[in-house]
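# Structural overview
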Amino acid sequence: MRFRKLTEDELTVKGGRDVSGLERRHFLKMGLAITGVFAGGSVLSAISVVDKANAVEIAEKYPYKPHYTMVLHQDRCIDCERCMEACIKTNDVPEYGYRTKILERDVEDAIGQKREFVPVLCNQCNKPPCVRACPTSATLKDKKTGIVIMKSERCIGCKTCMAACPYNARYFNEERRAIDKCNFCKDTRLDKGELLTACAAACPAGVRIFGDLSDETSDVYKTLHTLKYPVWVQRPETGAAPNVFYTRG
Amino acid sequence: MLANVLSPEVRAGVIERLKSGSKTYYFFVALFGLILMASLASGLHARLIGYDKAYNTYREVPWGILISTYVFFVVTSTGLCLVSSIGHVFGKKEFMPMAKRAVYLSILTICGGFLVLSFEIESPDRMAIYNILSPNMTSNIWWMGTLYGAYLMFMAVEFTCILLSKFKEATLFGMAGVVAGVAAHSNLGAVFGMLHGHEYWYGPFMPIYFIASAMMSGCAAIIFFTWLAYKMDNKEMDQPMAETMAITNRLVILMIFIIIFFTAWKIIPGMVGGEAKLAAMNAMLSGPYSTNFWGIEVAMGMVIPLILFLMSKGKNLNMMFLASAMMIFAIFFMRYDLVVIGEIVPQYYELGVKEYSHLLTYSPSWHEIMVVMGGVSFVAVAFLLGEKIFDGHKMEHH
C-alpha cells in the first residue's frame, strides 16, 4: 500500500503540538467532547479537546457538505405533535408507523416544572449501526449530505436494521415492502429546494433547529459551538456518532 | 457411478425398504407430513394477510420465535457437521459409524432452518437478487447467509460423495463444510454480538458461545436420532455404533460442562453491567423468563441431562436418549430466551420516559407457532424417510 507524502504544513498540524494562535482559537470553538451524564443523555459539554485537535479531525468531524444536523431544544417542546402530523402528511407515513415521536418524562423531584417532552427521530449517525448491519446495502449514508437513506427496492425485510438501531427509529412499511425511517425529508422537501424538514417547519415552539453543521453561520453550528449551552446526544455509549443533538435554553 | 446408484436394483431396494416400515412408522410419517402441510398453509396465510397482522413481533421486538427457531436449527446443523467431522474428516475412527447420519441430519436441520426463515424474511425474492448485486461486506447477516449457502452445498456434495463411496472427495468437502459452517455460525453469533444497542447481546461472547453451543447441540441431536433410528427398526445396536454412542456420551458431558461455564460467565459480568443489561439479567434470573432459564435451560438443558449422561456411563442408551431429548427441548428454549431477552429492554429504557419505563413483552402467535412446527415436522419426515431410503445410513469403511 502506498501513502501520500505529507507536506511540511500537514505534518506540523498533525503533530497537534505546534498550532498557530488563530488555529488554536478555531479549534477551541469546535473542541467539544462528551464528558458526563445529564438528564438521561450524556452531556456534550464545552470542554476543550484542542490538544487532540488537528486538521484531519476537523475534516472528519463534519465530512459532508451540507452536513445536515438537528438540534432539539428539549425544554421548549409542549407535545403539540404538529411535528408528527407534518411528518405523516409529508412523508406518507402509515398509521401503524412513525418516523418521529415525542416521549414524555416525569421528574418528580424537579423544582417547578416536573414534566418534559423528548422528541425522537432517526439520529442520522456518522457511524450508523443499521447501515453496517444491512446485508444488501438497502440502507446507506447519502454521500453528499450524510443522511441515512433507504433504497427500498433492495430491502429484504430481515429487520436487522430495526434490531441494530439504538434509537428505535425504524419500522417495516407494508405498502413499500421495505423498512421506512426519517430521512430529514430528503426526497420530499430538501431535494425540492426546501431548507427545513417538515417537522422543523411545523414546530411552533422552535424546538427543532435544522441546518448545515459545516456552515459556521448556521444556527445549528452556533448552538453546538456556544459554550453556555449544555449539549448532549442520546445513547452515546453505542458509538454511533449521532447528528441529532439535544440542548436546553 | 451415478447411474449405478440410480439403477433399477437400487430403486427397488429403496421402495422395498420404504414399504417395510411398521404401522407406528407410517403413523408418524403421516402425522408429521400433515403438520408440515398445515404449517406451510399457515405460513402462506400469514404472508397473504401480512406478517404484521399474523405475527406478534413489532417495532421494538422485531425478532421472535421464528428467528430463534432458525438459530436453533442452524446451531444443531453446525454441531452435527462438527460431530460428523471428528470421524469423517479428522479420522477419529470411534466417531465414524455415526458420520453419515450426522451429515444427513446436518443437511436436514439447516433446510429446516431455511424453511422457517423463509416465512420470516419479508421479501426472500429480493434477497436472492440483492445479496449478489449489492452485498454489504460489513454485514454479519450477509456473511452468515452466504457462508451457510456454501455450507449447505458442501454438505450436500459430501453426502453425495459418501453415497457414491468417493471417500477422498467426501473428506475434502466435509472439511470445506466444517470451515464454512464454523465461519457462518460464528457470524450468526456476531449478528447479535455486534449490535451495540443491545447490551445483553453485545460483545465477543456470542460468536464463541455459539460454536461451543453448536457442539453440545450436535452431540445431543446425534444421540437422540441414532437411538430413534435403531428403535424404529427394532434393531440391536452393533458394537462399533455402541462404542460411538459411548464416546459421544463423554463428549456431550464435556460440552455441558463448557456451556455451564459459559452461562455462568455470561451472568456474572451482567450483574455489574449498566441499567439496561441488569434489567435483562434480572428478567432472566428472577423475572418473567426465570422459569424458562432455571426450569428449562438449566435444569432440563444442563443439570438433569448431565446427571443422566454420567449415570448412563455411555451404555444405558435409553437413559442417554431421555437426556438428549430433554436437552434438545431445552436448547430450543435457550435460543428463544437468547433472542427475546436481548430485545425486551427498550432502547430508551435509561432515558426514564413513560413510554419505555417497563420491559417489553412478546409471546408467539399461532401463525408463528405453526411455522415452527413446520420446520420441526420437515426434519422429522425427512429423517424418517432418510432412514429407509439410505438404509439406516450404514457407513462403509474407508
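Throughout, residues of each chain are indexed from 1 in the direction in which the sequence is written. The order in which chains are written sets their letters, starting at A; the order in which ligands are written sets their numbers, starting at 1. Totals for whole chains, interfaces and linings use all residues, but because this is a predicted model, local features are given only for residues with pLDDT of at least 70 and pairs of side-chain atoms are given and counted only at 80 or more.

## Section: the overall build of chain B
The numbering of helices and of strands both runs from the N terminus, where a helix is a DSSP run of H or I of at least 4 residues and a strand a run of E of at least 2. A tally of regular secondary structure across chain B gives 15 helices and zero strands. Each radius of gyration reported is based on C-alpha atoms, and the globular scaling rule is 2.2 Å times the count of residues to the power 0.38. In terms of overall dimensions, chain B is globule-like: its C-alpha atoms have a radius of gyration of 21 Å, near the 21 Å expected for 398 residues. Reported as C-alpha extents along the three principal axes, the dimensions of chain B are approximately 70 × 50 × 40 Å. Contact between residues is assigned whenever the C-beta positions, reconstructed from backbone atoms, fall within 7 Å. Long-range pairs, those at least 24 residues apart, make up 79% of the contacts in chain B between residues at least 6 apart in sequence.

## Points about the overall build of chain A
The helix and strand inventory of chain A stands at eight helices and twelve strands. Counting only residues that meet the buried cut, chain A has 43% of its 249 residues in that class. A separation of at least 24 residues holds for 59% of the contacts in chain A among residues at least 6 apart in sequence. Three exposure classes are used. Buried residues have 20 or more other C-beta atoms within 10 Å of their own C-beta, exposed residues have 12 or fewer, and partly exposed residues fall in between, all C-beta atoms being placed from the backbone.

## What about helix α11 (residues 239-270) of chain B?
Counted at 1.5 Å a residue, the expected span for α11(B) with its 32 residues is 46 Å, and the 47 Å between its end C-alpha atoms agrees. Of the surrounding secondary structure, the elements contacted by the buried residues of α11(B) are α6 (96-118), α10 (205-232), α13 (290-312) and α14 (317-341) of chain B. One less than the number of residues in a helix, times 1.5 Å, gives the span that helix is expected to have.

## Quick look at the pairing of strand β5 (residues 115-121) of chain A
Regular strands show a simple pattern: their side chains alternate between the two faces of the sheet. Residue and element names in this part refer to chain A. With six of seven residues buried, β5 is to be regarded as a mostly interior element. Here strand β4 (residues 100-106) pairs with β5 via seven bridges, running antiparallel. Along β5, the bridge assignment pairs aspartate 106 with arginine 115. Only when DSSP finds a minimum of two bridges between them are two strands counted as paired.

## A short note on the nonpolar core
All names here are of chain B. Grouped together as the largest cluster of nonpolar side chains are 190 residues, with contacts concentrated most on Cys219, Ala220 and Ala280. At 16 residues, the largest contribution of residues to this core is made by α14. Ignoring sequence-local partners within four residues, the contact set of cysteine 219 consists of Gly79, Val83, Thr248, Leu251, Val252 and Met255. Each nonpolar core consists of buried Ala, Val, Leu, Ile, Met, Phe, Trp, Tyr and Cys residues. Their C-beta atoms, within 7 Å, join them into a set.

## Digging into the interface of chain B and chain A
At the junction of the two partners, chain B supplies 33 residues and chain A supplies 34 residues. Where the side of chain B that touches chain A is concerned, the elements lending two or more residues are α7 (124-133) and α8 (140-163) of chain B. Taken together, the residues of the side of chain B that touches chain A sort by class into 13 nonpolar, twelve polar and eight charged. Put simply, Ala, Val, Leu, Ile, Met, Phe, Trp, Tyr, Cys and Pro go in the nonpolar bin, Asp, Glu, Lys and Arg in the charged bin, and everything else, Gly too, in the polar bin.

## Re the packing of helix α5 (residues 65-88) of chain B against α10(B)
Residues and elements named next belong to chain B. Axis geometry follows a simple rule: fit a line to the C-alpha atoms, using only the stretch in contact for helices, then measure angles between N-to-C directions, giving values from 0 to 180 degrees. Close contact between α5 and α10 brings their axes to 7 Å; oriented N to C, the two are set at 75°. What the angle tells us is that α5 and α10 run roughly perpendicular. Contacts between α5 and α10 involve Val75, Thr76, Thr78, Gly79, Leu80, Leu82 and Val83 from the first element and Phe210, Ser213, Ala214, Met215, Met216, Ser217, Gly218, Cys219, Ala221 and Ile222 from the second. A per-class count over the contact of α5 with α10 returns eleven nonpolar, six polar and no charged. Roughly parallel here means an angle under 35 degrees, roughly antiparallel means over 145, roughly perpendicular means 65 to 115, and every remaining angle is called oblique.

## Looking at the confidence of the model for chain A
Residue-level pLDDT values for chain A average 81, and 76% of them are 70 or greater. Per-residue confidence from the predictor is given as pLDDT, running between 0 and 100. A low-confidence stretch, residues 6-59 of chain A (pLDDT under 50), is modelled with 62 contacts involving residues beyond four sequence positions or located in other chains.

## Describing helix α4 (residues 82-91) of chain A
Residues and elements named next belong to chain A. Listed in full, the buried residues belonging to α4 are Cys83, Met84, Cys87 and Asn91. Considered in projection along α4, the buried side chains sweep an arc of 100° and stay on one side of the axis. Residues of α4 that are buried make contact with β4, β5, α7 (198-202) and β10 (208-212). Of the residues trailing α4, aspartate 92 is marked for its positive phi of about 55°. Note that the arc is defined by the directions from the helix axis to the C-beta atoms.

## Topic: unusual backbone geometry
Across residues other than glycine, the phi torsion is negative in most instances, and most of the peptide bonds are trans. Cis geometry is found at the peptide bond from Lys65(A) to Pro66(A), where omega equals 0°. Locating Pro66(A) in the fold gives a position in the loop between α3 (55-61) and β3 (68-73). Phi angles above zero are rare outside glycine, and Ser165(B) is one such case at about 60°. With respect to the helices and strands, Ser165(B) occurs in the loop between α8 and α9 (167-193). On the basis of neighbour counts, which here come to 12 C-beta atoms within 10 Å, the residue Ser165(B) falls in the exposed class. Even without a glycine there, the phi angle at Lys313(B) is positive, about 55°. Counting through the fold element by element, Lys313(B) comes out in the loop between α13 and α14.

## Overview of the packing of α6(B) against α8(B)
Residue and element names in this part refer to chain B. It is at 10 Å that the axes of α6 and α8 come closest, and there the two elements cross at 145°. α6 and α8 meet at a crossing whose hand is left-handed. In contact with Lys100, Val103, Tyr104, Ser106, Ile107 and Ile110 of α6, α8 contributes Tyr148, Leu152, Met155, Ala156, Glu158, Phe159 and Ile162. Residue classes in the contact of α6 with α8 are distributed as ten nonpolar, one polar and two charged. Less than a right angle of anticlockwise turn of the near helix away from the far helix marks a crossing as left-handed, whereas a clockwise turn marks it as right-handed.

## Notes on the environment of Tyr130(B)
You can see Tyr130(B) is positioned in helix α7. Placed 31 residues apart in sequence, Tyr130(B) and Cys161(B) show a C-alpha to C-alpha distance of 32 Å. In this structure, Tyr130(B) is in contact with Thr136(A), Arg154(A) and Ile156(A), ignoring residues within four places of it in sequence.

## Notes on the confidence of the model for chain B
Of the residues in chain B, 97% reach a pLDDT of 70 or more, and the chain-wide mean stands at 93. In the predicted assembly, ipTM is 0.91 and pTM is 0.88.

## Focus on the environment of Arg176(A)
Assignment of secondary structure puts Arg176(A) in the loop between β8 (171-173) and β9 (178-180). Since 14 C-beta atoms lie within 10 Å of it, Arg176(A) is described here as partly exposed.

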